[in-house]
Amino acid sequence: MQIVSYIIYLIASILFIFGIKKLGSPKTARQGNMLSSIGMLLAVVITLFDHMIITYEWIIAGLIIGSLIGSLMALKVQMTGMPQMVGLLNGFGGGASAVVALGEFFKVDTPNFEINIIITIVLSVLIGAVTFTGSFIAFGKLQGIVTGKVVKYPLQNTINVLLFVVVLAAGVFLIVDQTQIELLLGIVAVSLLLGVLLVLPIGGADMPVAVSLLNSYSGIAASMTGFVISNNMLIIAGALVGASGIILTLIMCRGMNRSLMNVVLGGWESAGAGGAAAGGGEQKPHKSIDSEELAMLFDSASSVVIVPGYGMAVAQAQHAIRDLANILESKGIKVRFAIHPVAGRMPGHMNVLLAEAQVSYDKLYALEDINDDFPNTDVVFVVGANDVVNPAARHDQASPIYGMPILNVDYSKTVIVNKRSMNVGYAGIDNELFYLDNTLMYFGDAKDAISKLVNEIKEL
Amino acid sequence: MEILDLIMQIYVFVLAIFVGFELITKVPPTLHTPLMSGSNAISGITIVGALIVAGEGQNMLSTILGLVALIFATINVVGGYLVTDRMLKMFKKK
């Protein structure tokens, strides 16, 4: 029986790998997710036959409760709420790993584990608990329950390092004397606190990095649990997820030209303060345009690029944007979407929203695929994006976003910026794009303003 | 002997990380959100550990911990796969 389950676990691992491989193309992605879920089902079913399992009532209760909550969450969540959803799921995954390790520890009356097991129990509890509370704080920030601002307090990093050292020291003592159960409880408590303190300083727009990083942690926690229960399938699956999270984290950091350290420690805070002060002062002249004129401008264009940002998600404007794209295309105008890697609150956030609005995915372009094309573009329409189109990133060495790769929308013939007001973006700095000669501001809530624009175009 | 076991497990861990890096660098940005939620569901594999702890019937404390872990992991697995499927269903080319 043992042999059968090992073989099934191997098959499940292979299905996970193929599942992720098929996620490499939108055509096969859904099938890939299906393969991966079949792997999971196989793993669960064969585990139910494990000779160590003697009672099933708790298992049935747990599976039913978990399935109900999980499917309710998955079916109810709106596409704009996806970052929160992923944050929450991460938290549950990390929490599960930590609690499994605790359960392993407490199932014997006098713990006397092999050194490799006790080490991985400590690591699993540490990483799992940090993921658990960290993810819930990230969820709170994305949902607006916890402040989305960069939170700073004195000795922040010193405290975090100190807490981390405390956990490690407690871990070492526990390994030496495993009967000191208080030590393990201390590790749990400090790790939970550490999760809160690590995510709290991170600002709202840096959440793509935080969520990716927590995703990675939840994978590594699962791997550690694999070490605890000596199961290679868990080690493999967890490592795949750990790698995935790290890669996404690095892509996000590169998209902002910042180091991981800078993001995690809550960077950009000084810029935020300085920029806000400057923004409050003089008002530079900008030009604005109304929907009627804008309709005529679009009508005379032959190629249009739409640049969505987090503002599109907030205003739920993706459907209105789809209508705009459709009507322009019906007039023979070429419409494309340019998506900055850190647009929105998680990697790929804009793509999912546009997919929801039934925009064909081959019209969505990544930064490097479209940036050289802006000089040949008649009209660029920026909807709810700000810092990622600020030309200051290219030339102003004093700017906090200097060096960040941006969409060069200012190279196009005309830039239309839809915003509610002239307020500054996340980085807290003024955007010089708004004052350029070829930029026109189109004020209003994205959804209403774009619907109005679509009506004007229809009437032409 | 257990140290040798540990080293073999570290082999598996390191090689799987390399496989992960190879696979994931090929996923296009357009699919990064489903990649996150889909890989997130995979990290719910810890459900296997939860099932064993919840079903071993060793003592009350570990059984309760097992139940909690099982609920968490099941939410992660079921929620993760379902929401990923919901998203991927929408990615269409006209």
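Further up the page is the structure itself.
Residues numbered from 1 in each chain as written. Chains lettered and ligands numbered in written order. Predicted model: local features only at pLDDT ≥ 70, side-chain atom pairs only at ≥ 80, totals over all residues. Heavy atoms only, no water.

1. Description of the packing of aromatic side chains
No. 1: Applying the stated criterion to the full structure yields nine aromatic pairs over all chains.
No. 2: Where A:Phe105 meets A:Phe106, the ring centres are 5.2 Å apart and the plane angle is 85°; that geometry is what we call edge-to-face. As far as the burial class goes, A:Phe105 and A:Phe106 line up, both buried.
No. 3: An angle of 65° between the planes, with centres 5.9 Å apart, marks the rings of A:Phe227 and B:Phe13 as edge-to-face. With one member in each of two chains, A:Phe227 in helix H8 (residues 207-228) and B:Phe13 in helix H1 (residues 2-24) form a pair that bridges those chains. Of the two residues examined, A:Phe227 and B:Phe13, each falls in the buried class.
No. 4: In this arrangement the basic side chain of A:Arg336 is found over the ring face of A:Tyr365, its NZ or CZ atom lying 5.6 Å from the centre.
No. 5: Directly above the ring of A:Tyr310 sits A:Arg345, whose terminal nitrogen or CZ lies 3.6 Å from the centroid. (Phe/Tyr/Trp six-rings, centres within 6.5 Å; stacked < 30°, edge-to-face > 60°. Buried < 20%, exposed > 50% of the residue type's maximum accessible area, 1.4 Å probe, protein only. Helix = DSSP H or I, 4+ residues; strand = E, 2+ residues; numbered from the N terminus. Lys NZ or Arg CZ within 6 Å of the ring centre and 35° of its normal.)

2. A few points about the side chain of A:Thr133
Residues and elements named next belong to chain A.
No. 1: Its location among the elements puts Thr133 in helix H5 (residues 115-143).
No. 2: Residue Thr133 is classed as buried on the basis of its relative accessible area of 15%.
No. 3: Here Leu192 takes part through its backbone oxygen, which lies 2.6 Å from a polar atom of the side chain of Thr133.
No. 4: Once residues lying within four places of it in the same chain are set aside, the contact partners of Thr133 are Ser191, Leu192, Gly195 and Val196. (Polar contact = N/O pair within 3.5 Å; in protein donor to acceptor, adjacent residues only side chain to side chain. Contact = heavy atoms within 4.5 Å.)

3. Details of the environment of A:Phe16
No. 1: With respect to the helices and strands, A:Phe16 occurs in helix H1 (residues 2-22).
No. 2: Separated by 81 residues in the primary sequence, A:Phe16 and A:Ser97 have C-alpha atoms spaced 19 Å apart.
No. 3: Here A:Phe16 is in contact with A:Ser36, A:Gly39, A:Met40, A:Met233, A:Ala237, A:Leu240, B:Ile42, B:Ile45 and B:Tyr81, once residues within four sequence places are set aside.

4. What about the nonpolar core?
No. 1: Formed by 154 residues in total, the largest nonpolar core has its most connected members in A:Phe381 and B:Ile45.
No. 2: Tallying contributions element by element places helix H4 (residues 60-90) of chain B first for this core, with 14 residues.
No. 3: Once residues within four sequence positions are removed from consideration, A:Phe381 is found in contact with A:Phe298, A:Val305, A:Ile306, A:Val307, A:Leu324, A:Ile416, A:Asn418, A:Tyr442, A:Ile450 and A:Leu453.
No. 4: In terms of nonpolar packing, the next biggest core, distinct from the first, is built from 32 residues, A:Val209, A:Val307, A:Val382 and A:Met404 among them. (Core = buried A, V, L, I, M, F, W, Y, C linked by side-chain atoms within 4.5 Å.)

5. Re the interface of chain B and chain A
How big an interface is tends to be expressed through the accessible area that disappears when the partners come together.
No. 1: Listed as interface residues are 82 residues of chain B and, on the opposing side, 107 residues of chain A.
No. 2: Around 8300 Å² of area is buried between chain B and chain A when both sides are counted, 76% of it from carbon and sulfur atoms.
No. 3: If you look at where chain B meets chain A, you find two salt bridges.
No. 4: Across the salt bridge formed by B:Glu56 and A:Lys107, the nearest N and O atoms sit 3.0 Å from each other.
No. 5: Our enumeration of links across chain B and chain A arrives at 19 residue pairs in polar contact (both at pLDDT 80 or more).
No. 6: Sorting the residues of the side of chain B that touches chain A by element identifies H1, helix H2 (32-43), helix H3 (47-55) and H4 of chain B as the ones contributing at least two each.
No. 7: Of the residues forming the side of chain B that touches chain A, the biggest block, 29 residues, is contributed by H4(B).
No. 8: A class-by-class count of the residues in the side of chain B that touches chain A yields 48 nonpolar, 25 polar and nine charged. (Buried area = accessible area lost by both parts, 1.4 Å probe. Salt bridge = Lys/Arg side-chain N within 4 Å of Asp/Glu carboxyl O. Nonpolar A, V, L, I, M, F, W, Y, C, P; charged D, E, K, R; others polar.)

By themselves these figures say nothing about function.
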